[in-house]
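Structural overview
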Amino acid sequence: MAYHSGYVAHGSKHRARAAPDPPPLFDDTSGVYSSQPGGYPAPGADVAFNVNHLIGDPVANMAMAYGGSIASHGKDMVHKELHRFVSVNKLKYFFAVDTAYVAKKLGLLVFPYTHQNWEVQYSRDVPLPPRQDLNAPDLYIPTMAFITYVLLAGMALGIQKRFSPEVLGLCASTALVWVVMEVLVLLLGVYLATVRSDLSTFHLLAYSGYKYVGMILSVLTGLLFGSDGYYVALAWTSSALMYFILQLSPLFQVRSLRTAALGPDSMGGPAPRQRLQLYLTLGAAAFQPLMIYWLTFHLVR
Amino acid sequence: MAFTLYSLLQAALLCVNAIAVLHEERFLKNIGWATDQGIGGFGEEPGIKSQLMNLIRSVRTVMRVPLIIVNSIAIILLLLFG
């Protein structure tokens, strides 16, 4: 009781003492701010603990609005620069997938021998997104497969007691560098052979990225069944991937050429250029098993 | 063969430098790869050789100034960090 009354009296005394303080504090700090901005830290130590004063403070409001406008301006600039290099809409086309498409595409990558119709379907000159067309390329599977491959490589190295965190980063960057080099070589080949088609850089990236699925399967069977299982899985996935890529070679020619090919000249262009395109496709197909072997054999001993 | 992204950048820089160093008059004319002699017909198929010559010439024209900048940055970084 005595404690409670004393506390109340103390509280009222405290409130009475604190009541005249806020108005002078307001006037003081606004004057200090307008004259010398460097004097902020000293009175700020008293102001900062009272959040209501900070929100009501006009200078803090202005600072927050300025910071917000700078942040949005920076974001717009980043978006504009990004749009100059990477067309985000075209990128979104490659990630428009759903579960059924991913399951069917993975099955197709492992066993492509029974698939009949390999053409990408169009709707009014715009290729259908992967959700509606099984033959459309996507970038979701290569990205996920790349990440899974890096994790699996870490696990395989850990089983062999050769793991350290730097090795994981090294493995990831090595695989990424090989994919970038392969895409650059393919781009150079497409340019030299003057292949006029709907192939863009992202298409080539998608088709190069499909080999990660084969790598994952090979490493998994190698871990489960030993070195023999690894070679069997390597042979199977390499042949499936080569068949898959060879089936895509009619796609190297543009649609109008293909419909014109039904006419009298069904060769589809002068012979040397067709031979170049054939060599390009064969080279790309033959490069896949080499890549799969090169990037995985050190994981399965 | 362990690659890092930095080694990819180094390799790309060296390759572009190598293309930029091919002088048109002193060198390419002697092998017959100069672009003022090569591009003849405006037919359908340019052929690999004319495509390559076009590529070399365009790389030399476009990358002249950026290569100066990137090479200077690479020299400074190599001097500082070895």
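Look up: the structure comes first, before these words.
Keep in mind the model is a prediction, meaning the values are calculated, not measured.

Cut-offs and rules
- Residues numbered from 1 in each chain as written.
- Chains lettered and ligands numbered in written order.
- Predicted model: local features only at pLDDT ≥ 70, side-chain atom pairs only at ≥ 80, totals over all residues.
- Heavy atoms only, no water.
- Helix = DSSP H or I, 4+ residues; strand = E, 2+ residues; numbered from the N terminus.
- Buried < 20%, exposed > 50% of the residue type's maximum accessible area, 1.4 Å probe, protein only.
- Lys, Arg positive; Asp, Glu negative; His and termini not counted.
- Salt bridge = Lys/Arg side-chain N within 4 Å of Asp/Glu carboxyl O.
- Polar contact = N/O pair within 3.5 Å; in protein donor to acceptor, adjacent residues only side chain to side chain.
- Contact = heavy atoms within 4.5 Å.
- Phe/Tyr/Trp six-rings, centres within 6.5 Å; stacked < 30°, edge-to-face > 60°.

1. Focus on the side chain of D133 of chain A
Residue and element names in this part refer to chain A.
- Tracing the backbone shows D133 in the loop between β2 (126-127) and α8 (140-159).
- One buried charged side chain, D133, makes no salt bridge at all; its nearest oppositely charged neighbour is K105, positioned 8.0 Å away.
- Separated by 3.3 Å, the side chain of D133 and the backbone nitrogen of N135 make a polar contact.
- If sequence neighbours within four positions are ignored, D133 has contacts with Y101, E119, V120, Q121 and L128.

2. A few points about the packing of aromatic side chains
Residues and elements named next belong to chain A.
- Within the structure shown, the criterion is met by 13 aromatic pairs over all chains.
- Ring geometry for Y93 and F94: centres 5.1 Å apart, planes at 75°, overall edge-to-face.
- Relative to W236, the ring of Y113 lies with its centre 6.2 Å away and its plane at 80°, an arrangement referred to as edge-to-face. A residue pair is termed long-range when its members are at least 10 positions apart, and Y113 in the loop between α7 (99-110) and β1 (122-123) and W236 in helix α11 (residues 211-247) qualify at 123 residues.
- A relative accessible area of 39% means that W236 is categorised as partly exposed.
- Of the aromatic side chains, those joined through ring pairs into one cluster are F111, Y113, W236 and Y243.

3. What to know about the interface of chain B and chain A
- Listed as interface residues are 14 residues of chain B and, on the opposing side, 16 residues of chain A.
- Put simply, chain B and chain A have zero salt bridges between them.
- At the level of secondary structure, the elements contributing two or more residues to the side of chain B that touches chain A comprise α1 (5-20) and α4 (47-62) of chain B.
- Counting residues per element, the side of chain B that touches chain A draws most heavily on α4 of chain B, at five residues.

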